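Next come the chains, spelled out residue by residue.
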Amino acid sequence: KQEVTQIPAALSVPEGENLVLNCSFTDSAIYNLQWFRQDPGKGLTSLLLIQSSQREQTSGRLNASLDKSSGRSTLYIAASQPGDSATYLCAASNYGGSQGNLIFGKGTKLSVKP
Amino acid sequence: NAGVTQTPKFRILKIGQSMTLQCTQDMNHNYMYWYRQDPGMGLKLIYYSVGAGITDKGEVPNGYNVSRSTTEDFPLRLELAAPSQTSVYFCASSPGQYNEQFFGPGTRLTVL
């Protein structure tokens, strides 16, 4: 059974710092991995989707990598801003799962201090 | 496009009451999902649908029912509300089995 873990649960950094959020998964037979952002009391906003055949995806200041062999994905945020403060969730979609069902980690709560 | 919309945003129920959480998407997606998110936890799948008329159970289906009569709508029904169903409920849709999923804003439900 796939399990997704995100460490640390919370992270506080000063504005302008580059940072990395970590996501690990136990079953390497994933089809894709998706990173989301969740603001307090809000829904999930999709940030990046990495297919299993890809090594990384980039969108603006965000770069997500995927290493299936080690069961790890990272989300790199460059030049962090206070507006980046949110909870970041990663989710894996496995082959043979419930029709594309996403298995979520518990998230990393990021706080960027001005 | 409005994307995925959910109503209501908030609801308080008494134990034993029933209600329907509404979900509508305007992207013509075949796949739709209901998740619940408990405090400090990841989202868990309740039910999903791969098209109109086709639904199936996810990881935590007990106490819930769904229907999918149209491509756009995927309502979630709670028949006898229990305190354990206090949670935030998210609906999502996707064009295909392994495509990006798009989420609605959520319904925050409290059962007292």
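Everything discussed here concerns the structure shown above.
The model shown is predicted, which means the values in this text are computed figures rather than measured ones. (Residues numbered from 1 in each chain as written. Chains lettered and ligands numbered in written order. Predicted model: local features only at pLDDT ≥ 70, side-chain atom pairs only at ≥ 80, totals over all residues. Heavy atoms only, no water.)

Here we take up the packing of aromatic side chains. Overall, the coordinates contain eight aromatic pairs over all chains when judged by the stated rule. An angle of 80° between the planes, with centres 5.3 Å apart, marks the rings of Phe36(A) and Phe103(B) as edge-to-face. Within this pair, whereas Phe36(A) is found in strand β4 (residues 30–38), its partner Phe103(B) is found in strand β10 (residues 102–103), the two belonging to separate chains. Each member of the pair, Phe36(A) as well as Phe103(B), carries the same accessibility label: buried. Above the ring of Phe74(B), the side-chain terminus of Arg68(B) is found at 5.9 Å from the ring centroid. (Phe/Tyr/Trp six-rings, centres within 6.5 Å; stacked < 30°, edge-to-face > 60°. Helix = DSSP H or I, 4+ residues; strand = E, 2+ residues; numbered from the N terminus. Buried < 20%, exposed > 50% of the residue type's maximum accessible area, 1.4 Å probe, protein only. Lys NZ or Arg CZ within 6 Å of the ring centre and 35° of its normal.)

All names here are of chain B. Looking at where Gly16 falls in the secondary structure, it is placed in the loop between β2 (10–13) and β3 (19–25). Along the sequence, Gly16 and Ala81 sit 65 residues apart, while their C-alpha atoms lie 4.8 Å from each other. Sequence-distant contacts of Gly16, that is, excluding residues within four places in its chain, are made with Glu79, Leu80 and Ala81. (Contact = heavy atoms within 4.5 Å.)

All names here are of chain A. Here the structure, examined in full by the defined rule, presents two disulfides over all chains. Linked covalently through their sulfurs, Cys23 and Cys90 form a disulfide whose S-S length is 2.0 Å. What sets the handedness of the Cys23 and Cys90 disulfide is the S-S torsion sign, and at about 80° it is right-handed. Separated by 67 residues along the polypeptide, Cys23 in strand β3 (residues 19–25) and Cys90 in strand β9 (residues 86–94) bring together distant segments of the chain. (Disulfide = S-S within 2.5 Å.)

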